[in-house]
Every structure is written in C-alpha cells, then in structure tokens.
Amino acid sequence: MDLTQMQRRLVDYTSSLFREGYLDDQFTQLQQLQDESNPDFVFEVVTLFFEDSQRLINELGEALDQQNVDFKKVDAHVHQLKGSSSSIGAQRVKNVCVIFRNYCEERNTERCMRCLQQLKHENSLVKTKLETLFRLQQQILTAGGSIPMWSE
Amino acid sequence: MVSNDRKEQNHVESCKVGPMKNSLKGLRILLAEDTSVLQKVATIMLEKLGAMVSAVGDGLQAVEALKYMSTAEEENQSTNILCLTAIGGVMNLSIYITLALRQVGKSLSCDASREMPKMDGYEAIKAIIRFEEGTKSHIPIVALTAHTMSYDEAKYLEVGMDAYLTKPIDCKLMLPTILVLTKREGSLT
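Along each chain, residues carry numbers from 1 onward, in the same order as the chain's sequence is written. To label them, take the chains in the order written and letter them from A, then take the ligands in the order written and number them from 1. Whole-chain, interface and lining totals are the exception, using all residues; otherwise, since this is a predicted model, local features are given only for residues with pLDDT of at least 70 and side-chain atom pairs are given and counted only at 80 or more. To obtain the side-chain values, all non-hydrogen atoms of the structure were included, while hydrogens and water were left out.

**Quick word on the sheet that holds strand S3 (residues 81–86) of chain B**
Residues and elements named next belong to chain B.
- Taken in spatial order, the five strands line up as S2-S1-S3-S4-S5 in an open sheet, and their pairing is parallel. Each having just a single partner strand, strand S2 (52–56) and strand S5 (163–166) make up the two edges of the open sheet. Within the sheet, the average angular offset between the axes of one strand and its neighbour, ignoring direction, is 20°.
- The pairing of strand S4 (residues 141–145) with S5 spans four bridges and is parallel. DSSP bridges decide pairing: two strands pair if at least two such bridges lie between them. A run of H or I in DSSP becomes a helix once it reaches four residues, and a run of E becomes a strand once it reaches two; helices and strands are each numbered from the N terminus. Where helices are involved, their axes are fitted lines through C-alpha atoms of the stretch in contact, as for all axes, and angles between N-to-C directions lie from 0 to 180°.

So, in structure tokens, the structure goes:
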C-alpha cells in the first residue's frame, strides 16, 4: 500500500469514527493543539484518559458491589469520568455517563449496574478504535509521510 | 451535527493558535482542576497562548499557589494573574479560598483555610464577604463548570465568580473571556 492510500485510509477511518459518534468535535480540538512542540499530545492525553477511565470503572464496580451503595460516591466517580471523556471527545462514553448520573440520583442500583456494563463496553470500543487510529498514523509516519489534516 | 462546509469553518474559527500565540503572554494562570485529563488539556491550551500555568489539584494547593503568585506580582497594578478553577467535588474548597483571597488580599491564614471545609459553602462565602474589603489587586476568577450546574454551584457563581466556562473547555470561548477579564482585548487584533 503506498503512502497516498495509507493517508486515504486514515482519513476515511477517522471520518467514520466521527460519523458513528465515537468521537466528537472535542477530539478535533485536541488534534489542533498538537504541533512540533507537542508532537505526541493527543496520544498522551488519550493514554491518560484510559488510565483514568479504567481506574474509575474499577472503583465503580467496587462501589456498586456494596450492601449499602453510597450513591454520592458513585455519582462523584461518574461525574469525573464524564468530565474526562468529554474533554477528549469520547462522545459515547460521555453519553452513558449522563444517563448513569440520572440513575444515581434515583438511587437505582440495578440500572446503575447496567450503566456500568455499558460504560465498560463503550470504553473498550473507543479504546480499540483509537488504538487503530494511532497505528494507522504510525504506519504513515514510518513510511516517511505526514498525517493529513482533516476536519470533521 | 457535521456540515459539509465545516472544513472551511474550522480553518477560520478553530483553536489553531497561530496569530493568537502571544495573546496571553505575561499572564500567570492558576489552574485548579482535579481531573488529570482536563488539567493536561487546559494547561496546553493556555501555554500555547503564551500564559504561564500553575496547575494544582486541590484547594489547599490552590491557596499556596495563589499566595505565592500574588506576592510575586505585588508591585503590578495591572491584572497579571487569573484563576481558572473547577467547581464541585474536591474543588469546592478552592472556591472559598480564592474568593477569600480576592476579598481580603493576601491575609488569609492557614487556620481559616482549614476551617472552611466545615462551613456550608454559601455560609463560607457570606462570611468571607463580611471581611474587610479593599484589596490592591483583583484576581479574576473563572469557574469551570459542567453543563448542568447544581444549585450550590449556581450560588457560588452568583456570589463571586467573574465568569464561567462550561467543560469541556472550548478554546474559542476561553480566550475572549480571559482577554476581557485581564483587560487585554487589544491583543485580539
């Protein structure tokens, strides 16, 4: 596959992520912050996010596993996850967080647990997608090309 | 959500720093935000615009940082410090404290800052406002809030913040807000 084809594939793949709602405009803002002085910015922030999200998902699991669920604590974790997911543009994860918070307010353990499952699913999905994205970018860089600037 | 001419739009309105690179040069910003991802993104955004950013993760660190920064800027009449603080959760403390610093200058003692968590937020703010007024420097405070604010958060805003930005931070809104508060609108051209 030549460079142009690789670049085309990257653009198409990225567009699909936006189209399917995995990513939103905030991700674009992140990309725009990346430059020669911060060449790995997006990768670093995304990595930081997944470290955070994994930790929060684990803590949510523990919190919901209690006899008497501390919904304030659960809500605080979800609030954090909502904040960080929205700041990297992980739209689907953020959307689950919004619904999750409503169930926290209702103190509905059953529904909260379902939301947690949903969160794990969406988190894992977007992680895989972004890993693919970074891999495609790396292939282009290794072949001596540059990452095409797109806007979505 | 995505329109066809977005590509063009993005080029014009985007957060591409380019010409605005030094808009915030000389400005010291205290960023109080306990979520690491948000802290990192906001720090880079602000540094790209030329600001010097001190990032802290809790209220007590925020007090120390602000005291240090205001001491350094003592002689300067113009606003060279701005505080950008998340509100809610562990950052509630930083609101009381930054408001205190604004109302009473640099005289906030360690004891007072330790007492605040025991006070109800709104009571704390009212108590702070009862302190003597008149400070040499006014540190603008911008709150970072979630789209849906709690009643408490709305109260804090009403009582003492200069402006607020919703999270995730939109560069296009953040820059003009900061420029206006630090009286640097001229830098936009």
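**Some details on the UniProt feature "modified residue: Phosphohistidine" (unreviewed entry) in chain A**
- UniProt positions are given in the numbering used here, feature names are shortened, and annotations may be inferred rather than shown by experiment. Within this structure's numbering, the places UniProt gives as "modified residue: Phosphohistidine" (unreviewed entry) are His79 of chain A.
- Inspection of the secondary structure puts histidine 79 of chain A in helix H4 (residues 71–88).
- Residues in contact with histidine 79 of chain A, not counting those within four places in the same chain, are Arg101 of chain A together with Ala146 of chain B. Working rule for contacts: check all heavy atoms of both residues, and any pair within 4.5 Å makes them a contact.

**Looking at the UniProt feature "domain: HPt" (unreviewed entry) in chain A**
- This chain's UniProt record puts "domain: HPt" (unreviewed entry) on residues 38–143 of chain A.
- From the first C-alpha to the last, residues 38–143 of chain A spans 21 Å; its make-up is 87% helix and 0% strand.

**Digging into the pairing of S3 of chain B**
Residue and element names in this part refer to chain B.
- Accessible area is worked out with a 1.4 Å probe on protein chains only. A residue is then buried under 20% of its type maximum, exposed over 50%, and partly exposed in between. Here S3 lies mainly inside the structure; six of its six residues are buried.
- Across the two faces of S3 the burial is the same, with Ile81, Cys83 and Thr85 and Leu82, Leu84 and Ala86 all buried.
- Inspection of the sheet shows strand S1 (residues 28–32) paired to S3 by five bridges, in the parallel sense. Looking at the pairing, leucine 31 lines up with leucine 84 of S3.
- Both S3 and S4 contribute to a ladder of four bridges, which runs parallel. When the sheet's bridge partners are listed, cysteine 83 is paired in S4 with isoleucine 141.

**So, the nonpolar core**
- With 69 residues, the main nonpolar core has Phe100 of chain A together with Leu24 of chain B as its most contacted residues.
- Residues within four places of leucine 24 of chain B in sequence aside, it is in contact with Ile29, Leu46, Leu49, Gly50, Ala51, Leu175, Ile178, Leu179 and Arg184 of chain B.
- Core analysis: the second largest hydrophobic core is formed by 12 residues, Ala32, Ala65, Ile141 and Ala143 of chain B among them. By nonpolar core we mean a set of buried residues, namely Ala, Val, Leu, Ile, Met, Phe, Trp, Tyr and Cys, connected to one another through side-chain atoms within 4.5 Å.

**Section: the pairing of S4 of chain B**
- In terms of residue burial, S4 of chain B counts as a mostly covered element, since five of its five residues are buried.
- Side chains of S4 of chain B alternate between two faces, with Ile141, Ala143 and Thr145 of chain B and Val142 and Leu144 of chain B buried alike.

**Let's talk about the environment of leucine 133 of chain A**
Residue and element names in this part refer to chain A.
- By secondary structure assignment, the location of leucine 133 is in helix H6 (residues 109–142).
- Placed 122 residues apart in sequence, leucine 133 and valine 11 show a C-alpha to C-alpha distance of 9.6 Å.
- Excluding anything up to four places from it in sequence, leucine 133 contacts Leu10, Tyr13, Thr14 and Phe27.

**Structural notes on the packing of H4 of chain A against helix H5 (residues 91–106) of chain A**
Residues and elements named next belong to chain A.
- One can describe the packing of H4 onto H5 by two numbers: an axis separation of 9 Å at closest approach and a directional angle of 160°. In this view, H4 runs roughly antiparallel relative to H5, as classed from their interaxial angle. In the crossing of H4 with H5, the sense of the turn from one axis to the other is left-handed. Only Val93, Lys94, Cys97, Val98, Phe100, Arg101 and Cys104 of H5 make contact with H4, whose side of the interface consists of Phe71, Val74, Asp75, Val78, His79, Leu81, Lys82, Ser85 and Ser86.
- Just so you know the grouping, Ala, Val, Leu, Ile, Met, Phe, Trp, Tyr, Cys and Pro go in nonpolar, Asp, Glu, Lys and Arg go in charged, and all remaining residues, Gly too, go in polar. For the contact of H4 with H5, the per-class residue count stands at nine nonpolar, three polar and four charged. Each angle is binned into one of four classes, with values under 35 degrees roughly parallel, values over 145 roughly antiparallel, values of 65 to 115 roughly perpendicular, and all other values oblique. Two helices crossing with the near one rotated counterclockwise from the far one by less than a right angle form a left-handed crossing, whereas a clockwise rotation gives a right-handed crossing.

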